[in-house]
Amino acid sequence: DLRKEHGKTQKEIADAINVGRDDMSSYIYRELGTSFASWVCEKKLLRCADQIANTSRKISEIAINTGYMDLPAMSKAFKKRFGVTPSEYRKSNMS
């Protein structure tokens, strides 16, 4: 579920900071111009890209550790966002 970040739902995060879920969603949209789910997805993809480029960890391990259900789910989102597969990204960012 794209609404999960570090195992917490949008409601759990809102509860933790003592605001309503709808208020938090409105704030994120107003300040960032995007939905909570889109913001979480972007953060996950950026974390994946960083780990792909800067570690030798298996891409499947990175996918699972960043909250994706499996490698195909991450690969699809990654290619849509960056225009290349995770493997291609790693090759183009190798030092």
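Notes on the structure follow.

Conventions used here
- Residues numbered from 1 in each chain as written.
- Predicted model: local features only at pLDDT ≥ 70, side-chain atom pairs only at ≥ 80, totals over all residues.
- Heavy atoms only, no water.
- Helix = DSSP H or I, 4+ residues; strand = E, 2+ residues; numbered from the N terminus.
- Buried < 20%, exposed > 50% of the residue type's maximum accessible area, 1.4 Å probe, protein only.
- Areas by Shrake-Rupley, 256 points an atom, 1.4 Å probe, with all protein chains shown as cover.
- Lys, Arg positive; Asp, Glu negative; His and termini not counted.
- Charge placed at Lys NZ, Arg CZ, Asp CG, Glu CD.
- Expected span 1.5 Å × (residues − 1).
- Polar contact = N/O pair within 3.5 Å; in protein donor to acceptor, adjacent residues only side chain to side chain.
- Core = buried A, V, L, I, M, F, W, Y, C linked by side-chain atoms within 4.5 Å.
- Contact = heavy atoms within 4.5 Å.
- Axes fitted to C-alpha atoms, helices over the stretch in contact; angles between N-to-C directions.
- Parallel < 35°, antiparallel > 145°, perpendicular 65-115°, else oblique.
- Nonpolar A, V, L, I, M, F, W, Y, C, P; charged D, E, K, R; others polar.

Quick look at the overall build of the protein chain
- Across its full length, the protein chain holds six helices and zero strands.
- Counting from the amino terminus, the protein chain carries its helices and strands in the arrangement α-α-α-α-α-α.
- Its C-alpha atoms give the protein chain principal-axis dimensions of about 45 × 25 × 20 Å.
- Taking all 95 residues of the protein chain together, the buried fraction comes to 25%.
- In the structure as shown, the protein chain presents an accessible area of about 6400 Å², 52% of it carried by carbon and sulfur atoms.
- The distance from the centre of the 17 positive side-chain charges to the centre of the 12 negative ones in the protein chain is 5 Å.

Side note on helix H5 (residues 71-82)
- In a regular helix each residue adds 1.5 Å, so 12 residues correspond to 16 Å; H5 covers 16 Å between its end C-alpha atoms and thus fits that length.
- At the N-terminal boundary of H5, the capping side chain belongs to aspartate 70, with an oxygen 2.9 Å from the backbone nitrogen of alanine 73.
- Of the residues flanking the end of H5, it is glycine 83, one or two places downstream, whose phi is positive at about 80°.

Regarding the nonpolar core
- Membership of the largest hydrophobic core is limited to 12 residues, which are Cys41, Leu45, Cys48, Ala49, Ile52, Ile59, Ile62, Ala63, Tyr68, Met74, Phe78 and Tyr89.
- Elements that contribute at least two residues to this core include exactly helix H3 (36-54), helix H4 (59-65) and H5.
- Among the elements that take part in this core, H3 stands out by supplying five residues, more than any other.
- In this structure tyrosine 68 touches Cys41, Lys44, Leu45, Cys48, Ala63, Ala73, Met74 and Ala77, once residues within four positions along its chain are discounted.
- Counting five residues, the second largest nonpolar core, distinct from the first, contains Ala14, Met24, Ile28 and Val40.

Observations concerning the packing of H3 against H5
- For the pair H3 and H5, the least separation of the axes is 10 Å and the interaxial angle reads 90°. Relative to H5, the element H3 is oriented roughly perpendicular. Within the contact between the two elements, H3 uses Glu42, Leu45, Leu46, Cys48, Ala49 and Ile52 and H5 uses Met74, Ala77, Phe78, Arg81 and Phe82.
- Its residues assigned to classes, the contact of H3 with H5 comprises nine nonpolar, no polar and two charged.

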